[in-house]
Amino acid sequence: MSIPNNLRYTKSHEWVRLEGDGTATVGITQHAQELLGDMVFVETPAVGRKLKQSEECAVVESVKAAADVYAPIAGEVTAVNPELESAPEKINQDAYEAWLFKLKPDNASDLDKLLDATAYQNIIESEDH
Amino acid sequence: MLIFEHSRSGRRNYSQSPLTPTPTTGIPEKLLRKAPPLLPEVSEMDAVRHYTRLSQKNFSIDTQFYPLGSCTMKYNPRACNSLAMLPQFLARHPRAPESTGQGFLACMYELQEILKDVTGMAGVSLTPMAGAQGELIGIAMIRAYHESRGDTARTEIIVPDAAHGTNPATAVMCGYKVVEIATDKEGDVDMDALRAAVGPQTAGLMLTNPSTLGVFEKNVAEMSKVVHQAGGLLYYDGANLNAILGKVKPGDMGFDVIHINLHKTFSTPHGGGGPGSAPVGVAERLLPFMPVPIVTMEQGKYRWLTEKDIPQSIGRLSAHMGNAGVLLRAYIYVRLLGAEGMHRVAEFAALNANYLMAELSKVGFEIAYPTRRASHEFIVTLKDLKEKTGVNAMNVAKRLLDKGYHAPTTYFPLLVPECLLIEPAETESKETLDAFVASMKEILEEARTQPELVKNAPHTTPVRKLDDVRAARELDLVWKPA
């Protein structure tokens, strides 16, 4: 199971990467895309939208189900991945490459409160039954 | 092949043609068609052959075992259909005077009374035309109740994550915020999470019981107490009523409102996209808000109760009485069964589910909640099989089609990875169940020895494995001439 060490995670299976320019890039994890299966649609938030932490802000729809994506931290959306509209399968190909949106965090230190790779790994294992 | 592709210019099916041309008058010129609509031009025999062929390709409860979990695909006795189609019922106009429709009204009145008794509720309205409409009206009544008391601070509806997917959608449609609570390892609602979630903001709780995990909530009495103490009301999604019919009454569990899917439990074929029917039952305190019309009996005569009789009614849901044909089938079904027969429905639904669960477990399938007795359905998880062989739940489902079975529900509920939700229903024999187990065992062996065979299934159906990604992305639903 691929869980890169340089990313932060949420219980709801988003990953976050803090970029050099202070923005945070958000996607869904390898585990999440595996559970969902082949992606058919991705709906991203509008650029400029201000998100609260845990707010529903995107939808990933697969052949099995549609799942909400939640904002891992509060912030303003600065960019969305333009590729996903025509090629949602990129999430299945590489979940950590196919980011959904970038946001400017209200508070960069919020990132530190998210799960690290080990903690996220534990969550996945405890979900298995 | 589509019926349009059989079309040849000038061919006619005279039995379907109007006897005389009907002139159009009074319709503004700009709204009239300039060219005739594109309709298939086929002979009567072409049409008969086309649709007969389609029906032969169809997979149905009349031809094969159909263990589609959460859907209750059971046999619907022919008598219910033929009696509901008596000419006296078919020819009845919904606006005919009450005095000329006393027989129909009597059937509806008795059906209300029987459903009241089966569910333990104080009143029943038969008008909702689908499960989703029954739900919507149930929560709308809860809202009307709180509002009538000036209790407007209640903004949340609690929905366990093992509920039917329509439950949260219903709460949102009624203007509520959904608070989801988790399921514990045993498949029951997490009681600590429930206690933490309730408060003065709680309008109510929506419970699907037995849940989509196929288990009966062990703590239902306690749940009902917790929610009522917080001032909330309890909504019972009766979609899985087949499992408890005549055995336990939601009213006795403390529920304030329930919807019943007649198109699952009470003899209307289900799964074809309608028509459905979902009467709502209510406890005493919601009686003033029930949807109209309802049938009442006064001095031996039946009549409709309307807004005049129930001024706080949340209103009407359909042009008249909902799906009268489905209501009639249900009425005939309950009269054929009687109280004793209803008990047998629940007993055999539970027995068949538990037998099938035990037998599948014996041949090597992993049961998602092995410590629990199944209600009327149960879940198999193929997570382990997928890891070892690459064969997933969808592959197994498709391979079942080759073996002559309709696939169970796949990937629902979302809580359980790689799952099959299996519901045999009470009308299947032991022989059918045994044959199904044998086929499942064969598929398990195939997955281990020749996984590609299972992954590329189905091999024998009129249409082979479909590209479900492309089908979702490039919807192609409109026929155009070549």
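Residues numbered from 1 in each chain as written. Chains lettered and ligands numbered in written order. Predicted model: local features only at pLDDT ≥ 70, side-chain atom pairs only at ≥ 80, totals over all residues.

Caption draft 1: Structural detail: the overall build of chain B. When you go through chain B residue by residue, the secondary structure sums to 15 helices and 13 strands. For 482 residues, the compact-globule formula gives about 23 Å, and the C-alpha radius of gyration of chain B, at 25 Å, lands near that figure. C-alpha atoms of chain B, sized along the principal axes, occupy 70 × 65 × 45 Å. Here chain B holds 482 residues, and the buried ones make up 43% of them. (Helix = DSSP H or I, 4+ residues; strand = E, 2+ residues; numbered from the N terminus. Rg over C-alpha atoms; globule rule 2.2 N^0.38 Å. Buried ≥ 20, exposed ≤ 12 C-beta atoms within 10 Å, placed from the backbone.)

Caption draft 2: Local environment of the overall build of chain A. Of regular secondary structure, chain A possesses 3 helices and 9 strands. Ordering the α and β elements of chain A from the N terminus gives β-β-β-α-β-β-β-β-β-α-β-α. In terms of C-alpha radius of gyration, chain A reaches 14 Å, essentially the compact-globule figure of 14 Å for 129 residues. Expressed as a percentage of its 129 residues, the buried residues of chain A come to 38%. Across chain A, contacts joining residues at least 24 apart in sequence account for 65% of those joining residues at least 6 apart. (Contact = placed C-beta atoms within 7 Å.)

Caption draft 3: Expanded view of the sheet that holds strand E10 (residues 366-367) of chain B. Residues and elements named next belong to chain B. Ordered in space as E10-E11-E13-E12, the 4 strands form an open sheet in which the pairing is antiparallel. Both edges of this open sheet fall to E10 and strand E12 (409-410), since each of them pairs with a single strand only. Contacts from helix H10 (residues 324-362) reach E10, strand E11 (378-381) and strand E13 (419-422), with the element oriented near 15 degrees to E11. Across the sheet, helix H12 (residues 393-402) lies against E12 and E13, angled at about 45 degrees from E13, the strand it touches most. (Pairing = 2+ DSSP bridges. Axes fitted to C-alpha atoms, helices over the stretch in contact; angles between N-to-C directions.)

Caption draft 4: Region of the structure containing the sheet that holds strand E7 (residues 66-70) of chain A. All names here are of chain A. The strand order across the open sheet formed by 3 strands is E4-E6-E7, and the pairing between neighbours is antiparallel. Two strands bound the open sheet, and with one partner strand each, they are strand E4 (39-43) and E7. Neighbour-to-neighbour, the strand axes of this sheet turn through a mean angle of 20 degrees, independent of strand direction.

Caption draft 5: Seen up close, H10(B). All names here are of chain B. Taking 1.5 Å of rise per residue, 39 residues should cover 57 Å, yet H10 covers just 45 Å from first to last C-alpha, more than 12% shy of that figure. Its maximal kink placed at Gly338, H10 deviates by approximately 95 degrees. A positive backbone phi angle near 115 degrees is found at Gly364, which sits one or two residues after H10. (Expected span 1.5 Å × (residues − 1). Bend = angle between axes of the 7 residues up to and from the residue.)

Caption draft 6: Spotlight on the interface of chain A and chain B. Contact with chain A, which involves 7 residues of that partner, is made by 8 residues of chain B. For the side of chain A that touches chain B, the class distribution of residues is 4 nonpolar, 1 polar and 2 charged. (Nonpolar A, V, L, I, M, F, W, Y, C, P; charged D, E, K, R; others polar.)

Caption draft 7: Summary view of the nonpolar core. Among the nonpolar cores identified, the biggest contains 126 residues, and B:Leu111, B:Met141, B:Tyr235, B:Val257, B:Leu327, B:Ile379 and B:Leu420 are the most heavily contacted of them. The element that contributes the greatest number of residues to this core is H10(B), accounting for 18 residues. Excluding residues within four positions of it along the chain, B:Ile379 makes contact with B:Leu213, B:Gly214, B:Ala368, B:Tyr369, B:Val416, B:Cys419, B:Leu420 and B:Leu421. Core analysis: the second largest hydrophobic core is formed by 32 residues, A:Val26, A:Leu51, A:Ala98 and A:Phe101 among them. (Core = buried A, V, L, I, M, F, W, Y, C linked by C-beta atoms within 7 Å.)

Caption draft 8: Inspection of the packing of helix H4 (residues 102-119) of chain B against H10(B) at higher detail. Residues and elements named next belong to chain B. At a closest axis distance of 10 Å, the pairing of H4 and H10 adopts a crossing angle of 45 degrees. Classified by the angle their axes make, H4 and H10 are oblique. Once H4 is placed against H10, the crossing between them reads as left-handed. In this structure, H4 uses Cys107, Met108, Glu110, Leu111, Ile114 and Val118 to contact H10, whose residues at the interface are Leu327, Leu328, Ala330, Tyr331, Val334 and Met342. (Parallel < 35°, antiparallel > 145°, perpendicular 65-115°, else oblique. Left-handed = near helix turned anticlockwise from the far one by under 90°.)

Caption draft 9: Highlighting the pairing of E13(B). Residues and elements named next belong to chain B. Here E13 shows a buried face lined by Cys419 and Leu421 and a second buried face lined by Leu420 and Ile422. Across 4 bridges, the pairing between E11 and E13 is antiparallel. Its bridge partner being in E13, Thr381 is matched across the sheet by Cys419. Of the pairings in the sheet, the one linking E12 to E13 comprises 2 bridges and is antiparallel in character. Paired with Thr409 across the bridge in E13 is Leu421.

Caption draft 10: Broad picture of the domain arrangement of chain B. Residue and element names in this part refer to chain B. On domain assignment, one finds that chain B holds domain 1 (79-337) and domain 2 (345-471). A straight line from the C-alpha centre of domain 1 to that of domain 2 covers 31 Å. Considered class by class, the residues forming the side of domain 1 that touches domain 2 number 9 nonpolar, 7 polar and 3 charged. (Domains from an automatic or database assignment.)

Caption draft 11: Region of interest: unusual backbone geometry. Residues and elements named next belong to chain B. Geometrically, the link from Asn209 to Pro210 is a cis peptide bond, its omega value of -10 degrees lying close to zero. Among the structural elements, Pro210 can be located in the loop between strand E4 (202-208) and helix H8 (220-229). Omega for the bond connecting Val292 with Pro293 falls within 30 degrees of zero, at 5 degrees, which places this linkage in the cis form. Relative to the helices and strands, Pro293 resides in the loop between strand E7 (280-282) and strand E8 (294-298). The phi dihedral of Thr72 falls on the positive side, at around 50 degrees, and the residue is not glycine. Relative to the helices and strands, Thr72 resides in the loop between helix H1 (44-57) and helix H2 (78-84). Of the residues examined, Thr72 has 25 C-beta atoms within 10 Å and is grouped as buried. Although it is not a glycine, Gln299 sits at a positive phi angle of roughly 45 degrees.

Caption draft 12: Molecular detail of the environment of B:Lys218. Tracing the chain through its elements places B:Lys218 in the loop between E4 and H8. Sequence separation between B:Lys218 and B:Asp188 is 30 residues, and the spatial gap between their C-alpha atoms is 6.7 Å.

Caption draft 13: Up close: the pairing of E8(B). Inspection of the sheet shows E8(B) paired to strand E9 (residues 301-305) of chain B by 5 bridges, in the antiparallel sense. Looking at E9(B), one finds that B:Ile294 is bridged to B:Leu305.

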